[in-house]
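Next come the chains, spelled out residue by residue.
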Amino acid sequence: MQGNSLIKTFALLFGIVSIYQLSFTFISSGLERKAEKAAISKISDSEVEYIVKRSREEVNYLDSIGDLPVLLYSSYNDAKKKELNQGLDLKGGINVILQISIKDLLKGLSENSANPKFNQALEIADELQKQSDQTYLESFFEAFDLDTDQTKLSSPDIFGNRTLSEISFDTSDDEIKNIIGIKIDESIVSAFEVLRKRIDKFGVTQPNIQRLGTSGRILVELPGAKDIDRIQNLLQSTAQLEFWETYKNDELGDFLLSADEYLRSIEDDNTINDKEESNIEDLLSEVEETTDETDSNQSNPLLSLIKSPSYQGAPILANFSPNDQELISAYLNLPEVRKLLPSAYRYIKFLWGKEDENGLISLYAIKTNRQNMPPLSGGVVVDASQSFDATNNPAVSMQMNSQGAKVWETLTERAYKQQTNIAIVLDDIVYSAPGVTRGAISGGRSEITGDFDLNEAIDLANVLRAGKLPASADIIQSEIVGPSLGQEAIDSGIYSFLIALMLVLVWMVFYYGISGFYADIALIFNLVLIFGILAGLGAVLTLPGIAGIVLTIGISVDANVLIFERIREEIRKEKGLKQSISDGFNNALSSILDA
């Protein structure tokens, strides 16, 4: 009797704990249904991109109630962390395959070599990849060996550099190929770890990240991911953070006037050469379709595209429409236009900022050098976190290492004395270009501000903290499991589970009477324990998991049937009810274990 009491006590406690764990799932799902209904009532089907707008409205609704108490012991944010996790097949999400650019890795290992044979081999490898099953590295080596030029891989301007200290001028090409293969594999592993850290910080449920062979491909599955654009930016961003000094716009006023004059003259004289001519004309035709100022563009090809000027002495040259970005970049990068720059500005680089609330983008003039190497890069960042600036807008705080802190102090001191700005550039996009108003900044503490929302600030901090990708990552295949497919899978799984459960419960009561009823209670209790333990352990429920639970129901019923039939046999032998039950359980045990 004492043993039975102990079993009953533990069963009761386990049942209470399981119900408690499952309650978080009911809380979160209930509030999400309310958010969905609120979004549907607020945004009609007739609106443009209503699905995207409803999704954003749901997120805003849930953010607004995230910390409000529910049932006196939880909140939505708390319940969301403790709910029963659902896999990609049930919850929907994104499934992508990323291709790490081996070409970028080779350029990095060669320190961006300008060697003609090296770069030609890269171009040929690009073509070979279109019709070959080889890896990119194999295609590159094949293209390099086919070239009759006697330049070796160990050449100082290819792989015989400071980055690859294990390679000397006497190292054979075969040895170098093995070394490069190892370095490429290490870089892919590094990219894999960086992606894993980024995704872990993003907070999706049970992400799945796998390397696919040795070709540089990585599979990523993110259950429950709704903001697809945000996920893609998170995965593809190389997080190449750079700090550059900028020119003032009044330093380049004469250059812009000269460039505009030159562009007008080549339009009038129709003297644009070959490829430059076709490129510019194509871009001009696109602009003419999207603007009503065609006549003005013909008289001032460059200046007429300015939508709003910046204040004098600012790092922003002017603000333009995003539709004109490609055309303006083509104008400013024409060799004849760059020749108009004074010799002191010959290494200037033009970069664009993010689109602002008015739908315009800013053009910055960056001070660069012959090597195009920034004075300070993101490699010195040891920590980053989302914060808020002085105007309570989202920002990102950074802490640099000692080496970076010294360079940062020098940069800010020079910017303070010259009253210039420092552009904070991420993946060739200028996020902000603050000035320095209080002297040199020591200690290596800095902040990135810009026109981005809270999620963008959080993602940027996570990306910087996780580190940069060693090369660009392109999504070569994506399968988005949308809400409809996810819900369809959920419904199918739940219906099959409920139908199987109801048929079993009804059959047991119909065939075995009160004994079947008690067996049904035990079966339901068993299911509560299963789901409660899954929720408590943070396990993931998938469609195969639901099928397994249905199988568990069948096995449980099979055990009950064996026991009841054995009891019936013992009763027919007239052993008495108590003895029949005891013998029935004992004799059925071997059959249950065999099953």
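In this text, all values refer to a predicted model and were calculated from it rather than measured experimentally. (Residues numbered from 1 in each chain as written. Predicted model: local features only at pLDDT ≥ 70, side-chain atom pairs only at ≥ 80, totals over all residues. Heavy atoms only, no water.)

Taking 1.5 Å of rise per residue, the 30 residues of helix 19 (residues 543-572) would be expected to cover 44 Å, and the 44 Å separating its terminal C-alpha atoms lies within 8% of that figure. Looking one or two places after helix 19, you find Glu574, whose phi comes out positive at around 60°. (Helix = DSSP H or I, 4+ residues; strand = E, 2+ residues; numbered from the N terminus. Expected span 1.5 Å × (residues − 1).)

Summarising the element assignment, Lys197 is placed in helix 8 (residues 173-202). Take Lys197: its relative accessible area is 41%, and that puts it in the partly exposed class. In the structure, Lys197 is positioned 268 residues away from Arg465 in sequence and 8.8 Å away in space, judged by C-alpha atoms. (Buried < 20%, exposed > 50% of the residue type's maximum accessible area, 1.4 Å probe, protein only.)

Counting residues in hydrophobic clusters, the biggest one holds 41 residues, and the most contacted among them are Leu106, Phe140, Phe159, Ile180, Ile184 and Val220. Listed by contribution, the elements that provide at least two residues to this core are strand 4 (93-100), helix 5 (102-109), helix 6 (116-129), helix 7 (136-146), helix 8, strand 6 (217-223) and helix 9 (228-236). Ranked by residue count, the leading element in this core is helix 8, at nine residues. Listed in part, the 26 residues of the second largest apolar core include Leu302, Ala318, Tyr331 and Phe350. (Core = buried A, V, L, I, M, F, W, Y, C linked by side-chain atoms within 4.5 Å.)

This part covers the packing of aromatic side chains. Each aromatic ring pair is described using two quantities: the centre-to-centre distance and the angle formed by the ring planes. In the structure shown here, the tally under the stated rule is 16 aromatic pairs. A ring pair is formed by Phe243 and Trp408, whose centres lie 5.2 Å apart and whose planes are at 65°; its orientation type is edge-to-face. Here Phe243, found in strand 7 (residues 241-245), pairs with Trp408, found in helix 15 (residues 402-418); they are 165 residues apart in sequence, far enough to count as distant. The exposure class assigned to Trp408 is buried, which follows from its relative accessible area of 5%. Relative to Tyr512, the ring of Trp507 has its centre 5.9 Å away and its plane inclined at 85°; by these criteria the two rings are edge-to-face. Among the aromatic residues, those joined into a cluster by ring pairs are Phe118, Phe140, Phe141, Phe144 and Phe159. If you follow Lys117 out to its NZ or CZ, it ends over the ring of Phe144, 4.2 Å from the centre. (Phe/Tyr/Trp six-rings, centres within 6.5 Å; stacked < 30°, edge-to-face > 60°. Lys NZ or Arg CZ within 6 Å of the ring centre and 35° of its normal.)

Taken together, the buried positions of helix 13 (residues 325-332) are occupied by Leu327, Ile328, Tyr331 and Leu332. End-on view of helix 13: buried residues confined to an arc of 130°, all on one side of the axis. (Arc of directions from axis to C-beta.)

A few words now on the sheet that holds strand 17 (residues 445-449). Taken together, three strands build an open sheet; the order of strands is 13-14-17 and the sheet is antiparallel. Of all the strands in the sheet, just strand 13 (381-388) and strand 17 have a single pairing partner and so form its edges. The mean inter-strand angle of the sheet, taken between neighbouring strand axes irrespective of direction, is 25°. The pairing of strand 14 (residues 394-400) with strand 17 spans five bridges and is classified as antiparallel. Looking at strand 17, one finds that Ser397 is bridged to Glu447. Where helix 15 meets the sheet, its contacts fall on strand 14 and strand 17, and the angle it forms with strand 14 comes to roughly 115°. (Pairing = 2+ DSSP bridges. Axes fitted to C-alpha atoms, helices over the stretch in contact; angles between N-to-C directions. Contact = heavy atoms within 4.5 Å.)

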